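Residue-level structure breakdown
In case you want the letters, here they are:
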Amino acid sequence: MPIFVAPGIYPFILVLYTFKCLIFPWRTRVHLWRAIFLVVSAPLSSPTFYHSYVGDVFTSMIKVFQDLLWTLCFVLSGDFLVHETANGTPIGLHQWQSSILYKKVLIPLICLTPLWIRFNQCLRRYVDTRQRWPHLANAFKVRHFHGMIIRSSLTLNLWTYCLF
Amino acid sequence: MAFPVFRGCGGLLLFHWFWGISVYVWTRYRINYIYLFDFDPRIVDTSLSIFEDATDETLVFFLIMLLYYKVSLLGCNRIYPISLMEFTR
């Protein structure tokens, strides 16, 4: 039996518990996951009011998705098994959080994906109903947020360099 | 290091609470959300059962967070956590 346990085991148990709560009871969760699948594959199926609602909620959950991405990397990299010294300093951490892939690719991608899904939903609604208002206006609004995120993720370093 | 993990799981937990509050308000003011959302009326949870589930999840969340901070931040990592003995013996 081990004498010391890495503190990261506790967040790992919480991740497993959250995962269990997202799947079970399957009888009620199956409809949520089916709706999420239809939302993600928005241009292929006509979105209902509920799917648009879920898509809107996704655009509000970008910060949560970023934290879930961090959680995924934290678990997959094995950092939850890292031990700490007596003064609390972790030993042998991986450096994935400062990598280009994480900071410049995955984080902007996780910010863009919900907006991209919502954009597809708006376009599909326009194709189905042929009503420019409000579907194309909503698509334009979401496209505007797209541009803001892409610009901020690509030019943040340049602005920081220029201003400071 | 693990703070964003708790923040992410806490965000999902908050979403569960807010869904319960939404269902409560819709039910209280007789908004037929089951029809609007095309839900199956046989499997829709009441706001009370959503709150019960969210309460259980919140208890587990805070218990694990307390254990983590005890073991990690307060320098008690020399003490083997009793709660983990069941998992590792």
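Predicted model, so just to flag it, every value in this text is computed and none were measured.

Re the interface of chain A and chain B
- Contact with chain A, which involves 41 residues of that partner, is made by 39 residues of chain B.
- Carbon and sulfur atoms make up 74% of the area that chain A and chain B hide from each other, which totals about 3,600 Å².
- The interface formed by chain A and chain B includes 1 salt bridge.
- Note that Asp67 of chain A and Arg7 of chain B form a salt bridge whose closest N and O atoms lie 2.8 Å from each other.
- For the pair chain A and chain B, the interface holds 1 residue pair in polar contact (both at pLDDT 80 or more).

With respect to the packing of aromatic side chains
Residues and elements named next belong to chain B.
- Here the structure, examined in full by the defined rule, presents 24 aromatic pairs over all chains.
- Between Trp19 and Phe39, the aromatic rings sit 6.4 Å apart at their centres with planes inclined by 70°, giving edge-to-face as the arrangement. Taken together, the residues span a long stretch of sequence, with Trp19 in helix α1 (residues 3–28) and Phe39 in the loop between α2 (33–36) and α3 (47–71) at a distance of 20 residues. Here the two residues Trp19 and Phe39 agree in accessibility, since each one is buried.
- Geometrically, the ring pair formed by Phe37 and Phe39 is tilted, given 5.4 Å between the ring centres and 55° between the ring planes.

Focus on α3 of chain B
- Helix length check: α3 of chain B, at 25 residues, gives a terminal C-alpha distance of 36 Å against a target of 36 Å (1.5 Å per residue), a fit within 8%.
- Among the residues of α3 of chain B, those classed as buried are Ser47, Ile50, Ala54, Glu57, Thr58, Phe61, Ile64, Tyr68 and Val71 of chain B.
- Buried residues along α3 of chain B sit against α1 (9–23) and α2 (26–40) of chain A together with α1 of chain B.

Some words on a nonpolar patch on the surface
- On the surface, Phe49 of chain A together with Leu14, Phe18, Ile21, Tyr24, Val25, Tyr29, Ile31, Tyr35 and Leu36 of chain B cluster together to form a nonpolar patch covering roughly 1,100 Å² of accessible area.
- If you list the elements that add at least two residues to the nonpolar patch, you get α1 and α2 of chain B.
- A per-element tally of the nonpolar patch places α1 of chain B first, with 5 residues.
- Note on placement: Ile21 of chain B falls in helix α1.

Side note on α1 of chain B
- Here α1 of chain B spans 37 Å end to end across 26 residues, near enough to the 38 Å set by a 1.5 Å rise per residue.
- Looking one or two residues past α1 of chain B, Arg30 of chain B carries a phi angle of roughly 55°, positive in sign.

Re the nonpolar core
- In terms of nonpolar packing, the biggest core is built from 30 residues, with Leu14, Trp70, Phe74, Trp96 and Tyr102 of chain A together with Phe6 and Phe61 of chain B touching the most fellow members.
- Every element with two or more residues in this core is listed here: α1, α4 (62–76), α5 (100–129) and α6 (132–163) of chain A together with α1 and α3 of chain B.
- With 7 residues, α5 of chain A is the single largest residue contributor to this core.
- The contacts of Phe6 of chain B, once residues within four sequence positions are left out, are Pro11 and Leu14 of chain A together with Phe61, Ile64, Met65 and Tyr68 of chain B.
- By size, the runner-up hydrophobic cluster in this structure holds 19 residues, among which are Ala35 and Val54 of chain A together with Leu12 and Trp26 of chain B.

Details of the confidence of the model for chain B
Residues and elements named next belong to chain B.
- Per-chain confidence: chain B averages 86 in pLDDT, with 81% of residues scoring 70 or above.
- Taken element by element, chain B is modelled with least confidence in helix α4 (residues 85–88), mean pLDDT 56, and with most confidence in α1, mean pLDDT 96.
- Overall fold confidence (pTM) sits at 0.85, and the ipTM for the predicted complex is 0.84.

So, the pattern of salt bridges
- Applying the stated rule across the entire model yields 4 salt bridges over all chains.
- For Asp40 of chain B, the salt bridge identified is with Arg42 of chain B, shortest N-O distance 3.1 Å.

Procedures and definitions
- Residues numbered from 1 in each chain as written.
- Chains lettered and ligands numbered in written order.
- Predicted model: local features only at pLDDT ≥ 70, side-chain atom pairs only at ≥ 80, totals over all residues.
- Heavy atoms only, no water.
- Contact = heavy atoms within 4.5 Å.
- Buried area = accessible area lost by both parts, 1.4 Å probe.
- Salt bridge = Lys/Arg side-chain N within 4 Å of Asp/Glu carboxyl O.
- Polar contact = N/O pair within 3.5 Å; in protein donor to acceptor, adjacent residues only side chain to side chain.
- Phe/Tyr/Trp six-rings, centres within 6.5 Å; stacked < 30°, edge-to-face > 60°.
- Helix = DSSP H or I, 4+ residues; strand = E, 2+ residues; numbered from the N terminus.
- Buried < 20%, exposed > 50% of the residue type's maximum accessible area, 1.4 Å probe, protein only.
- Expected span 1.5 Å × (residues − 1).
- Patch = residues over 30% accessible without salt bridge, like charges linked within 9 Å, V, L, I, M, F, W, Y side chains within 5 Å.
- Areas by Shrake-Rupley, 256 points an atom, 1.4 Å probe, with all protein chains shown as cover.
- Core = buried A, V, L, I, M, F, W, Y, C linked by side-chain atoms within 4.5 Å.
- pLDDT = per-residue confidence, 0-100.

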